[in-house]
Amino acid sequence: MRPHHDPPDPAQRDRLLTAARAVLDRNWTGASTIPAPGIYPHQWSWDTGFIAIGRSWGDGRRAAVELEHLFEAQWANGMLPHIRFGPDTTNYFPGPDFWQADRSPAAPAGIETSGITQPPIHAVAALEIHRRAGTAAERADARAFLERLYPRLASMHRYLAAARDPSGIDLATLVHPWESGLDNSPAWDRLLGDLEIPPGALPAYERRDLMHVDPADRPTDDAYDRFVYLAATYRDSGYDDATIVERSPFLVAGPLFNAIYLWSEEALGEIATILGGDPAPHRARARAIARAIVRELWEPERRLFLARDLRTGRLEPEATVISFVPLLDAELDTGIVDAICGDLGSTMFHPAAAAHFLVPTYGVGTPGFDARRYWRGPVWLNTNWLLWRGLRQHGRHEYAAEILASSVALVERAGFREYFDPLTGEGHGGDGFSWTAALLIDMLERPDGE
Ligand code: 2M8
């Protein structure tokens, strides 16, 4: 593979770290970090995990504060909502008035939340905070933090295992594209395309995202209608998981969500050990999820991971960046690691571009590829980071270095944007985006051997 971009030099590294920390400081509210000013003015779940990982380098205190702030919004059944709303509840759609979380007896009193979840990266983040604690006082604080958070993390994992595994296949099921984190990905196109919205079933609503960002960067109105319809269906069931699992037209087990779930289950085992508990049940769960990812989501002929529609049992055909994320399993079969790296080295790279940027979220040149529209082609720093961590743990350092160099080149060119055009490097979506900053910090700070 030919290198496209130079690795960062020491002066550049220091400059970028300072700039990244300034982004996080600007987005700090006193108890949490918003993903970006304007478009995302509340606390998001997996964003908080990524932000805490970035902050664990030098600002572990805030990292712990914001994770705990998020978990105050956890529901009594263990479900961690994907948004904890701040005081101004009118500046984002769908806000608390839409979600009406109090339709569920499990929703917390006095805290406004959404009613769906997001990838469970939080145990990994909590463990990172503990690992980075340096002084004796920091170590004591980090241990006390783990003691408080561990029962909540474990309860979230139990919720996923119980309420979100209707077929008993050891995989967590998504009931909404927003739960995947890659909301508008082509991975969900067939399912959303098949969705029939009965006349009169779509509530009236007004998008607020288009007040902040060019419509060409965002999902279409047609996609939004489908998102809103599915969310309203879930809400109208009173957030009853048994009902939704029985009725939801969107019921999907995907490789990204489940690879993060397994990674965090491994982290829970390590946290249990630190706290003097028994890691074995977590290890066993993690291995069961890992086996299920291969058994249920590996497509042996195309040799890639795909999402499975649990309603029909079929695999969803679109290969996207989520196919690579099972690299997070440290024990993934070497033949599968080779297959993923083969794809990374060819199909996801644009053969004609002299200096394109890695890793597009959808194959460049694939019909439907869109270089700037949200999750349908652009490079995102969080998927880059997940692959970077996965590649390093499998010793694929050449590929990991390429991803790092590309991530740095993108931020140098366009700033801390939400996502980037893989062909031109132009920035799109929100600006001053927190996880871009936080994960660049992790990539620049993490020593080679770790
Ligand atoms: C995006 O999703 C929200 C809905 O949750 C939105 O478009 O309004 C996604 O990129 C999601 O993964 C992310 O957590 C959120 C905030 O950054 O924005």
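Residues numbered from 1 in each chain as written. Predicted model: local features only at pLDDT ≥ 70, side-chain atom pairs only at ≥ 80, totals over all residues. Heavy atoms only, no water.

K.L.:
For this particular structure, what's the right way to read the packing of helix α3 (residues 60-71) against helix α5 (residues 122-132)?
P.N.:
Packed helices, taken two at a time, are described by the angle between their axes plus the distance between the axes. At their nearest, the axes of α3 and α5 sit 10 Å apart, and the two run at 150° to each other. Overall, the two elements α3 and α5 adopt an arrangement that is roughly antiparallel. You can see that α3 and α5 cross each other, and the crossing is left-handed. Residues G60, A63, A64, L67, L70 and F71 of α3 lie in contact with α5, whose contacting residues are H122, A125, A126 and I129. A class-by-class count of the residues in the contact of α3 with α5 yields eight nonpolar, two polar and no charged. (Axes fitted to C-alpha atoms, helices over the stretch in contact; angles between N-to-C directions. Helix = DSSP H or I, 4+ residues; strand = E, 2+ residues; numbered from the N terminus. Parallel < 35°, antiparallel > 145°, perpendicular 65-115°, else oblique. Left-handed = near helix turned anticlockwise from the far one by under 90°. Contact = heavy atoms within 4.5 Å. Nonpolar A, V, L, I, M, F, W, Y, C, P; charged D, E, K, R; others polar.)

K.L.:
Help me understand the pattern of salt bridges in this model?
P.N.:
If charged atoms from side chains of opposite charge come close, those side chains can pair. Summed over all chains, the structure comprises 44 salt bridges. A salt bridge links E270 to R131, with the nearest nitrogen and oxygen atoms 2.9 Å apart. Of the two residues, E270 sits in helix α11 (residues 255-274) while R131 sits in helix α5, which places them 139 residues apart along the sequence. Close ionic contact of D370 with R373 constitutes a salt bridge, the shortest N to O distance being 3.3 Å. (Salt bridge = Lys/Arg side-chain N within 4 Å of Asp/Glu carboxyl O.)

K.L.:
In this structure, what is going on with the site of the ligand? I would like to understand it.
P.N.:
Taken together, the neighbourhood of the ligand is formed by 17 residues, with D47, Y92, G181, D183 and Y374 sitting nearest. Note that an oxygen atom of the ligand is positioned 2.6 Å from one of the backbone N or O atoms of G181. A distance of 2.9 Å is found between an oxygen atom of the ligand and a side-chain nitrogen or oxygen belonging to R218. In the complex, the protein chains occlude 99% of the 420 Å² of accessible area that the ligand would expose alone. The cavity that encloses the ligand is the largest cavity. Across the shell around the ligand, the residue classes tally to eleven nonpolar, three polar and three charged. (Near = heavy atom within 4 Å. Polar contact = N/O pair within 3.5 Å; in protein donor to acceptor, adjacent residues only side chain to side chain. Areas by Shrake-Rupley, 256 points an atom, 1.4 Å probe, with all protein chains shown as cover. 1 Å grid on protein atoms, 1.4 Å probe; cavity = no way out; pocket = protein on both sides within 12 Å on 5 of 7 lines; lining within 4 Å. Sits in = over half its atoms within 2 Å of the grid points.)

K.L.:
So what exactly am I meant to see when it comes to the side chain of Q43 here?
P.N.:
By the element assignment, Q43 lies in strand β1 (residues 43-44). For Q43, a relative accessible area of 2% translates into the label buried. If we ignore the near neighbours within four places in the chain, the residues touching Q43 are S32, T48, E66, H69, L70, H82, I83 and R84. (Buried < 20%, exposed > 50% of the residue type's maximum accessible area, 1.4 Å probe, protein only.)

K.L.:
How should helix α16 (residues 434-445) be read in this particular structure?
P.N.:
Residue pairs spaced three or four apart in an α-helix point in one direction, given the helix's 3.6 residues per turn. Under the 1.5 Å per step criterion, the end-to-end length of α16 is 16 Å for twelve residues, consistent within 8% with the ideal 16 Å. Counting buried residues along α16, eleven of its twelve residues qualify, which places the element largely inside the surrounding structure. Buried residues in α16 make contact with α1 (10-26), α2 (45-55), α14 (381-393), α15 (397-414) and β7 (417-420). (Expected span 1.5 Å × (residues − 1).)

K.L.:
When you look at the packing of helix α6 (residues 136-163) against α11 in this model, what are you seeing that I'm missing?
P.N.:
Relative orientation of the contacting elements α6 and α11 amounts to 140°, with a least axis distance of 10 Å. Classified by the interaxial angle, the pair formed by α6 and α11 is oblique. In this structure, α6 meets α11 at a crossing whose hand is left-handed. Note on element contacts: α11 touches α6 through F257, Y261, S264, E265, L268, I271, A272 and I274, opposite R143, L146, Y150, L153, A154, H157, L160 and A161. Across the contact of α6 with α11, the residue classes break down as twelve nonpolar, two polar and two charged.

K.L.:
What's the story with the packing of aromatic side chains in this structure? I'm lost.
P.N.:
Two descriptors summarise a pair of aromatic rings, namely the distance from one centre to the other and the angle between the planes of the rings. Per the stated rule, a full pass over the model turns up 27 aromatic pairs. Consider the rings of Y40 and W44, whose centres lie 5.4 Å apart with planes at 75°: the pair is edge-to-face. Since its relative accessible area comes to 8%, Y40 is described here as buried. Look at W178 and F227: their rings are 5.5 Å apart centre to centre, the planes differ by 45°, and that puts the pair in the tilted class. With W178 in helix α7 (residues 177-180) and F227 in helix α9 (residues 221-236), the pair connects residues that are 49 residues apart, well separated along the chain. Assigned by exposure class, W178 and F227 land together as buried. (Phe/Tyr/Trp six-rings, centres within 6.5 Å; stacked < 30°, edge-to-face > 60°.)

K.L.:
Looking at this model, I keep getting lost on empty space enclosed by the protein. Mind explaining?
P.N.:
Summed over all chains, the structure comprises four cavities of 30 Å³ or more. Approximately 230 Å³ is the volume attributed to the largest cavity. Contributing to the lining of the largest cavity are 22 residues, with Y40, W44, Q118, D183 and Y374 lying nearest its centre. Space inside the second largest cavity adds up to approximately 40 Å³. Considering the residues around the second largest cavity, the lining is formed by L174, S180, L182, W188, G254, P255, L256, F257 and I322. Per-element accounting of the lining of the second largest cavity gives the leading share, three residues, to α11. Grouping the amino acids of the lining of the second largest cavity by side-chain chemistry returns seven nonpolar, two polar and no charged. (Points joined across faces, edges and corners; volume = space filled by probe spheres on them.)

K.L.:
Sorry if this is basic, but what is going on with the environment of L297 here?
P.N.:
With respect to the helices and strands, L297 occurs in helix α12 (residues 280-297). Expressed as a C-alpha distance, the spacing of L297 and D47, which sit 250 residues apart in the sequence, is 25 Å. Setting aside chain neighbours within four positions, we find L297 in contact with L171, A253, G254, P255, A292, L304, F305, L306, A307, R308 and L315.

K.L.:
Any chance you could explain unusual backbone geometry here in plain terms?
P.N.:
Comment: phi is negative for the bulk of residues other than glycine, and the bulk of peptide bonds are trans. P94 follows F93 through a cis peptide bond whose omega is -5°. Note that the residue after L358, namely V359, is joined by a cis bond; omega there is -10°. Here V359 shows up in the loop between α13 (334-345) and α14. For Q100, which is not glycine, the phi torsion reads 45° and is therefore positive. By secondary structure assignment, the location of Q100 is in the loop between α4 (96-99) and α5. Of the residues examined, Q100 reaches a relative accessible area of 27% and is grouped as partly exposed. One non-glycine residue with positive phi stands out, namely D170, at about 70°. Among the structural elements, D170 can be located in the loop between α6 and α7.

Interpretation in functional terms is not warranted from these geometric data alone.
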